[in-house]
Amino acid sequence: MSPASQSSSSAGIVIADNENVAEVLCVGAVNSVYDNKWMLDSGSSYHVCPKRSLFSTYQQCTGSVEVGNGVRCEIIGIGTIQFRMFDDVVRKLTEVRHIPNINKNLISLGALEAGGSHFTARDGGLFVVKGDRPLIKGQRQNNLYILQGDVISPKVEFVDFV
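## Some thoughts on the packing of aromatic side chains
The geometry of two aromatic rings is summed up by the distance between their centres and the angle between their planes.
Step number 1: For the structure shown, the criterion picks out two aromatic pairs.
Step number 2: A centroid spacing of 5.1 Å and a plane angle of 85 degrees characterise the contact between Trp38 and Phe83, whose relative ring orientation is edge-to-face. Placement of the pair is Trp38 in strand β3 (residues 38–41) and Phe83 in strand β6 (residues 72–85), with a sequence separation of 45 residues. Across this residue pair, the class does not change: Trp38 and Phe83 are buried.
Step number 3: With 5.3 Å between their ring centres and 80 degrees between their planes, Phe55 and Tyr58 make a pair best called edge-to-face.

Laid out in structure tokens, this is it:
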């Protein structure tokens, strides 16, 4: 079996080491199947991305997080990432932490809920809405909810998530 077709899972808790102590739960397959996907994560306190090239706005910052096994990972930036969503609307995700040593892209459902959105899961889908406006749709794959949308160029106009 090739590495791309193998499936194994891992989990870890990340605790911020700066002014706002928070936890980020990173759950996902170890292989690269999910490397370019965005997971909708109810255990993450932050939106997280390891790739600087995906940010449309970016500001360097310092901080660190500690994963469940005691490994410390640096937060080196914060910014915005733009997506073309399932409904062809372009939206931006703000306050995304750039953490190069966390290898998954995470959208924090808790952060979205704190911003006034709510979510429901049913029939293999996860739906995030704000008021009566649908924002995000996730599709369940191997018991992970994967964003139905793609990162786009920062030159497109956008609508805020929150």
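Picking up where we left off.
## A word on the pairing of strand β11 (residues 133–141)
Step number 1: Here strand β10 (residues 125–130) pairs with β11 via six bridges, running antiparallel. In the sheet register, Gly125 faces β11, and the bridge partner there is Gln139.
Step number 2: Bridge count for β11 against strand β12 (residues 144–147) is four bridges, and the pairing is antiparallel. For Gln141, the partnering residue across the bridge sits in β12 and is Leu144.
Step number 3: Taking the residues between adjacent antiparallel strands as the criterion, β11 and β12 are bridged by two residues, where Asn142 takes a positive phi near 50 degrees.

## A closer look at the pairing of β12
Step number 1: Going residue by residue along β12, you find Leu144 and Ile146 tucked away on one face and Tyr145 and Leu147 tucked away on the opposite face as well.
Step number 2: Sheet topology note: the β3/β12 ladder contains two bridges and is antiparallel. What sits directly across from Met39, in β12, is Ile146.

## Points about the nonpolar core
If you look at soluble globular proteins, the nonpolar side chains tend to sit buried side by side.
Step number 1: In this structure, Trp38, Leu40, Ile107, Ile136 and Leu147 are the most contacted members of the largest nonpolar core, which totals 18 residues.
Step number 2: Broken down by element, the residue count for this core peaks at three residues, all from β6.
Step number 3: Other than its neighbours up to four places away in sequence, Leu40 contacts Ile107, Leu109, Leu126, Ile136, Lys137, Gly138, Tyr145 and Leu147.
Step number 4: Tyr46, Val65, Ile75 and Ile99 belong to the second-largest nonpolar core, a separate cluster that totals eleven residues.

Conventions and cut-offs
Residues numbered from 1 in each chain as written. Predicted model: local features only at pLDDT ≥ 70, side-chain atom pairs only at ≥ 80, totals over all residues. Heavy atoms only, no water. Phe/Tyr/Trp six-rings, centres within 6.5 Å; stacked < 30°, edge-to-face > 60°. Helix = DSSP H or I, 4+ residues; strand = E, 2+ residues; numbered from the N terminus. Buried < 20%, exposed > 50% of the residue type's maximum accessible area, 1.4 Å probe, protein only. Pairing = 2+ DSSP bridges. Core = buried A, V, L, I, M, F, W, Y, C linked by side-chain atoms within 4.5 Å. Contact = heavy atoms within 4.5 Å.

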